[in-house]
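Listed below are the residues making up each chain.
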Amino acid sequence: QDWLRVPGKMYGYPYVDVWFCHGWAGGPFSLQSAGFGVPMPRKLVFPRRKVFFAGLPLWAFQDPGDSLTNYYLGSDWFTDCVGHATFHRQERKFSEETESARFDRKVPCESL
């Protein structure tokens, strides 16, 4: 397919975020960091299920919707656009001094 490429990169959209997870064997389960990551209730993760994305089989959490709600602290992630410190399109972090007001918050997606 002819998807829009990330400038200067060999990949484009859509793409998959890979989350590093900790606690597979038991105990607390967290995303991104064992000590400082986002806690995730095991019932939202296990048992995992296989999904297809752009023709590729990938493992997904048992309940992706509730997992996102947990990740975004109860935000309505389906209608709220949540800012992030990284611009995936440009593969850079936002400037705290000049851009944080635009990207370090959440707004209704329809307002963008």
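Residues numbered from 1 in each chain as written. Predicted model: local features only at pLDDT ≥ 70, side-chain atom pairs only at ≥ 80, totals over all residues. Heavy atoms only, no water.

## Some details on the overall build of the protein
Turning to step 1, where the next piece is worked out: When helices and strands are tallied, the protein shows 3 helices and 9 strands.
Turning to step 2, where the next piece is worked out: Scored against the burial criterion, the 112 residues of the protein give a buried share of 18%.
Turning to step 3, where the next piece is worked out: Of the contacts formed within the protein by residues at least 6 apart in sequence, a portion of 34% connects residues at least 24 apart.
Turning to step 4, where the next piece is worked out: Accessible surface for the protein amounts to roughly 8500 Å². Of this, 58% is attributable to carbon and sulfur atoms. (Helix = DSSP H or I, 4+ residues; strand = E, 2+ residues; numbered from the N terminus. Buried < 20%, exposed > 50% of the residue type's maximum accessible area, 1.4 Å probe, protein only. Contact = heavy atoms within 4.5 Å. Areas by Shrake-Rupley, 256 points an atom, 1.4 Å probe, with all protein chains shown as cover.)

## Quick notes on the packing of aromatic side chains
Turning to step 1, where the next piece is worked out: Counted by the stated rule, this structure contains 5 aromatic pairs.
Turning to step 2, where the next piece is worked out: Between phenylalanine 29 and phenylalanine 46, the aromatic rings sit 5.5 Å apart at their centres with planes inclined by 85°, giving edge-to-face as the arrangement. Within this pair, whereas phenylalanine 29 is found in the loop between strand 1 (21–22) and strand 2 (30–31), its partner phenylalanine 46 is found in the loop between helix 1 (42–45) and strand 4 (49–53), the two being separated by 17 residues in sequence.
Turning to step 3, where the next piece is worked out: We classify phenylalanine 46 as partly exposed; its relative accessible area is 25%.
Turning to step 4, where the next piece is worked out: For the ring pair tyrosine 71 and tyrosine 72, a centre distance of 4.9 Å and an interplane angle of 85° mean the geometry is edge-to-face.
Turning to step 5, where the next piece is worked out: Residue class for tyrosine 72 comes out partly exposed when judged on its relative accessible area of 28%.
Turning to step 6, where the next piece is worked out: One cation-aromatic arrangement involves arginine 48 over tryptophan 59; the distance from NZ or CZ to the ring centre is 4.7 Å. (Phe/Tyr/Trp six-rings, centres within 6.5 Å; stacked < 30°, edge-to-face > 60°. Lys NZ or Arg CZ within 6 Å of the ring centre and 35° of its normal.)

## Brief notes about the sheet that holds strand 1
Sheets are built from strands that pair by backbone hydrogen bonding, the pairs being arranged parallel or antiparallel.
Turning to step 1, where the next piece is worked out: Spatially, 3 strands are ordered 1-2-3 in an open sheet, and the strand pairing comes out antiparallel. In this open sheet, the two edge strands, each paired with only one partner strand, are strand 1 and strand 3 (38–39).
Turning to step 2, where the next piece is worked out: Two strands pair when backbone bridges link them, and strand 1 and strand 2 are joined in this way by 2 bridges, in the antiparallel orientation. Each residue of the ladder has a partner; that of cysteine 21, found in strand 2, is leucine 31. (Pairing = 2+ DSSP bridges.)

## With respect to the environment of methionine 40
Turning to step 1, where the next piece is worked out: Tracing the backbone through its elements, the reader meets methionine 40 in the loop between strand 3 and helix 1.
Turning to step 2, where the next piece is worked out: On the basis of relative accessible area, methionine 40 is assigned to the buried category, the value being 3%.
Turning to step 3, where the next piece is worked out: In sequence terms methionine 40 and serine 30 are 10 residues apart; their C-alpha atoms lie 5.4 Å from each other.
Turning to step 4, where the next piece is worked out: Non-local contacts of methionine 40, meaning those with residues more than four positions away in its chain, are made with Phe29, Ser30, Leu31, Val45, Ser67, Asn70 and Tyr71.

## Details of the environment of tryptophan 77
Turning to step 1, where the next piece is worked out: Summarising the element assignment, tryptophan 77 is placed in the loop between helix 2 (64–71) and strand 6 (80–82).
Turning to step 2, where the next piece is worked out: Spatially, the C-alpha atom of tryptophan 77 lies 8.8 Å from that of glycine 65, the residues being 12 residues apart in sequence.
Turning to step 3, where the next piece is worked out: Discounting residues that sit within four places of it in the chain, tryptophan 77 has contacts with Gly65, Leu68, Thr69 and Tyr72.

## A closer look at the side chain of serine 67
Turning to step 1, where the next piece is worked out: Assignment of secondary structure puts serine 67 in helix 2.
Turning to step 2, where the next piece is worked out: A polar contact is formed between the side chain of serine 67 and the backbone oxygen of aspartate 63, at a distance of 2.8 Å.
Turning to step 3, where the next piece is worked out: Excluding residues that lie within four positions of it along the chain, serine 67 makes contacts with Met40, Leu44 and Phe61. (Polar contact = N/O pair within 3.5 Å; in protein donor to acceptor, adjacent residues only side chain to side chain.)

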